[in-house]
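One-letter residues, chain by chain:
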Amino acid sequence: MTLIIDCHGHYTTAPPAHNDWREAQKAAFEAGRATPAYPTISDDEIRASLEQNQLRLLHERGADMTIFSPRASAMAPHIGDERVARKWARANNDLIKRCADLYPERFVPVCMLPQSPDADMQGSIAELDRCVGMGFVGCNLNPDPGGGYFKHPPLTDRFWYPFYEKMVELDVPAMIHVSGSCNPGLHATGGYYIAADTIAFMQLIQGDLFRDFPSLRLIIPHGGGAVPYHWGRYRGLADMLKQPDLAGHVMNNVFFDTCVYHQPGINLLADVIDNKNILFGSEMVGAVRGIDPTTGHYFDDTKRYIDALDISEDERHAIFEGNTRRVFPRLDQQLKERGL
Ligand SMILES: [Zn+2]
């Protein structure tokens, strides 16, 4: 038996009161007033927001569970100051925790971080610690908290090291995931996301991060951005930069999801990238919500593409379950405790 674990889902359908509070928080910050109290949201409201959306789609598409984090485009850590970012991250992560508590077999919680652009990583370390204490199994790490201007140091810089030390201590991975774009030239999910994924991978080639953190694990979403398609370019650049072969330099620590929304793209991913580095993901309900007129199926129904891959059943099992359990050992432990 194979568990179908979607490694990439967001709570894009949170109850309106949650989003209204965010607007009130922003307004209060701009006016210099105290933030209003967080609203009461009932379990029934949360259930309704999930049952018509993520739970329905999990059921219809035949997936067992999703690794679930706050809505990425709304993380927007640049809004307000660090205190605003911390409160917003906390409110979001607490809501994710409630989803996981209501449907413990369906939602596996992953947290966002309060990465206010001028702050160091101490607030994020504290929030990660708090969330893992509540049963979270990983985090989304934003490589560009300013929202589309790439002013932060590369992911290999020592700026990030205290956070990586905490990740290693807690044995949790991070998905490298930007938020909304403030740059009018960068469409969020079409331009910014894919660019940030690709940029992150190149930073990892240029640096020596995994020499310092051999057990650190990073997931680059959206199929690894442009990387698999340009694999020869990246191998060639590693060679020109006198870096080791990517297999040892990066690919013991970096994983790509399958949020690529057509069959030829998934075929290429599975052909080019060692299947031990591929995790099933769909990012639903997320970036692309429509139906592909050429197939009659949802673009983001990525399970269909994996099912259609010409690979062995062992490889398919690894993509759907085995690799994800290896990258998320705290999930593996929780599943073992449930006899799975
Ligand atoms: Zn995402």
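Sequence order sets the numbering: in each chain, residues are counted from 1 along the sequence as written. In view of the model being predicted, local features appear only for residues whose pLDDT reaches at least 70, and side-chain atom pairs are presented and counted only at 80 or more, with totals across whole chains, interfaces and linings using the full set of residues. Neither water nor hydrogens contribute to the side-chain values; these are computed over all heavy atoms in the structure.

### Thoughts on the packing of helix α1 (residues 16–31) against helix α4 (residues 82–102)
Move 1: What counts as an axis is a line fitted to C-alpha atoms, over the stretch in contact for a helix, and the angles between N-to-C directions run from 0 to 180 degrees. Secondary structure follows DSSP: runs of H or I at least 4 residues long count as helices, runs of E at least 2 residues long count as strands, and numbering of each begins at the N terminus. At their nearest, the axes of α1 and α4 sit 11 Å apart, and the two run at 170 degrees to each other. If you check the angle between α1 and α4, you find them roughly antiparallel. Of the residues in α4, those touching α1 at H18, W21, R22, Q25 and F29 are V84, K87, W88, A91, N92 and L95.
Move 2: Gly falls in the polar group here, along with every residue not listed as nonpolar (Ala, Val, Leu, Ile, Met, Phe, Trp, Tyr, Cys, Pro) or charged (Asp, Glu, Lys, Arg). Class assignment of the residues belonging to the contact of α1 with α4 gives a composition of six nonpolar, three polar and two charged. Comment on the angle field: the value is read as roughly parallel under 35 degrees, roughly antiparallel over 145, roughly perpendicular from 65 to 115, and oblique elsewhere. By definition in these notes, contact holds between two residues if any of their heavy atoms fall within 4.5 Å.

### Here's the deal with the pairing of strand β7 (residues 254–257)
Move 1: Neither face of β7 is left uncovered, since the one carrying V254 and F256 and the one carrying F255 and D257 both have all their residues buried.
Move 2: At least two DSSP bridges between two strands are required for those strands to pair. Of the pairings in the sheet, the one linking strand β6 (residues 218–220) to β7 comprises three bridges and is parallel in character. Directly across from I220, in β7, lies its bridge partner F256.
Move 3: Sheet analysis places β7 next to strand β8 (residues 278–279), joined by two bridges and oriented parallel. If you follow D257 over to β8, its bridge partner there is L279. Remark: exposure states derive from per-residue accessible area (1.4 Å probe, protein chains only) relative to the maximum for the residue type, with buried under 20%, exposed over 50%, and partly exposed in between.

### Thoughts on the environment of R217
Move 1: Mapping R217 onto the fold places it in the loop between α8 (209–212) and β6.
Move 2: The class of R217 is buried, set by a relative accessible area of 11%.
Move 3: R217 has contacts with M167, D171, V172, P173, A174, N253, F255, R326, V327 and P329, leaving out every residue within four places of it along the chain.
Move 4: Any N or O atom pair separated by 3.5 Å or less is treated as a polar contact, with the protein-specific requirement of one donor-capable and one acceptor-capable atom, and with residues adjacent in sequence counted only for side-chain atom pairs. For R217, the side chain forms a polar contact with the side chain of D171, separated by 3.0 Å.
Move 5: Polar contacts involving the side chain of R217 include one to the main-chain carbonyl oxygen of S215, which spans 3.0 Å.

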